[in-house]
Amino acid sequence: MYKQVLHDHLDGGLRPSTARDLAKQIDYKPIVEIDNVADFFDRSSSTSLENYLEAFTHSIALMQTFSNLEQIAYEAALDMHQNNINFYESRYAPFYSVNDTLSPKDVINAINSGFKQAENECGIVSGLILCGMRHDPDNVKAVAELAIDYKKLIIGFDIAGPELNYLPSMYKDSFLKVKNEGINITIHAGEGDGVNSIQEALDNGAKRIGHGVRIIEDINEDNELGNTADYVLQNNIPLEICITSNLHTNMYKSPQDHPISRLHNLGFNISLNTDNRLMSNTSIDNELKIAKIAGIEDPASLLKYSASDSFLN
Ligand SMILES: [Zn+2]
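Residues numbered from 1 in each chain as written. Predicted model: local features only at pLDDT ≥ 70, side-chain atom pairs only at ≥ 80, totals over all residues. Heavy atoms only, no water.

To continue, consider the nonpolar core. By size, the foremost hydrophobic cluster in this structure holds 85 residues, and its most contacted members are Tyr88 and Phe157. Among the elements that make up this core, the one with the highest residue count is helix α5 (residues 66–82) (eight residues). Within the second largest apolar cluster, five residues are counted, among which are Phe87, Ile129, Phe311 and Leu312. (Core = buried A, V, L, I, M, F, W, Y, C linked by side-chain atoms within 4.5 Å. Buried < 20%, exposed > 50% of the residue type's maximum accessible area, 1.4 Å probe, protein only. Helix = DSSP H or I, 4+ residues; strand = E, 2+ residues; numbered from the N terminus.)

Below you can see the structure in the form of structure tokens.
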């Protein structure tokens, strides 16, 4: 059985050892001076979103050269291969790495080069989804243009960042342009905001929903579905579920409280994903264990490659 991962952030998945090595090369003080790099990045007991997001400023600081991006992408794909993944969809907000010596195209090329090395070595097929940062309208517009300019080099378009107060409809023109170019769209929705955000993601061309877990709020105790939940179920819209990430942002207290098992039993199209391996100290192997605790009998079946769900083809 081929296995896929649909939702994993490149800047949230550096190896701790690599973070240390790259920090040493540029004498990056916040990391060079600490003993345990894994602990430094681990935000599993994070009390605020600010504290969680602060960790990304440090990983991004190490993603400012072609060779660093290449190495980080290569290792991400290799680490997924170690967890028996065959198709890896990675995502990144490209302008975080654009600087005087690195153009947006260089950023994309560096990441793809790392993915290609991993593919040549162990066969894992990887692709890049470009993320616009939804709290920054200029950024979203620029990333949408970038996606169109380099559509042959990428596999999809997404918006990430704080969901509340930044609904997909803010960017309906960008989504329409991207969609008209035949580029696949997934949108983070139903994590920091509720059902309305998921509905808006669907209205703006999302073929998949990043997280989407709060679709459960459109289903009552008698398992009667509201319009959005009914649409998602009937159209087999993939929900990119990230259990550990949801626990760490305090959406649910324990795996048993997470709605994955209920959604699965109702027949929703569910996949298992890592979101941010470094900050959440997780891996696909770990998510398989957590999903079991959450009540999924055969978690590995949720990784099964599906040509209709994948943006890689
Ligand atoms: Zn995410």
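The phi dihedral of Asn165 falls on the positive side, at around 75 degrees, and the residue is not glycine. Position of Asn165 among the secondary structure elements: in the loop between β4 (156–160) and α8 (172–180). Among the residues examined, Asn165 registers a relative accessible area of 65% and is labelled exposed. Even without being a glycine, Asn281 presents a positive backbone phi close to 45 degrees. Summarising the element assignment, Asn281 is placed in the loop between β8 (270–272) and α13 (284–293). The exposed category is assigned to Asn281, whose relative accessible area is 54%.

Turning next to the sheet that holds strand β3 (residues 125–133). With respect to topology, four strands assemble into an open sheet ordered β1-β2-β3-β4, the strand pairing being parallel. Of all the strands in the sheet, just β1 (4–5) and β4 have a single pairing partner and so form its edges. Where strand β2 (residues 87–92) and β3 come together, six bridges link them in parallel fashion. When the sheet's bridge partners are listed, Arg91 is paired in β3 with Ile129. Across the sheet, helix α7 (residues 137–149) is in contact with β3 and β4; its angle to β3 comes to roughly 145 degrees. (Pairing = 2+ DSSP bridges. Contact = heavy atoms within 4.5 Å. Axes fitted to C-alpha atoms, helices over the stretch in contact; angles between N-to-C directions.)

Turning to the packing of aromatic side chains, a few remarks are in order. Taken as a whole, this structure holds six aromatic pairs when the rule is applied. Consider the rings of Phe87 and Tyr305, whose centres lie 4.2 Å apart with planes at 25 degrees: the pair is stacked. With Phe87 in strand β2 and Tyr305 in the segment after α13, this pair connects stretches of sequence that are 218 residues apart. According to the relative accessible area criterion, Phe87 is buried, its value standing at 15%. (Phe/Tyr/Trp six-rings, centres within 6.5 Å; stacked < 30°, edge-to-face > 60°.)

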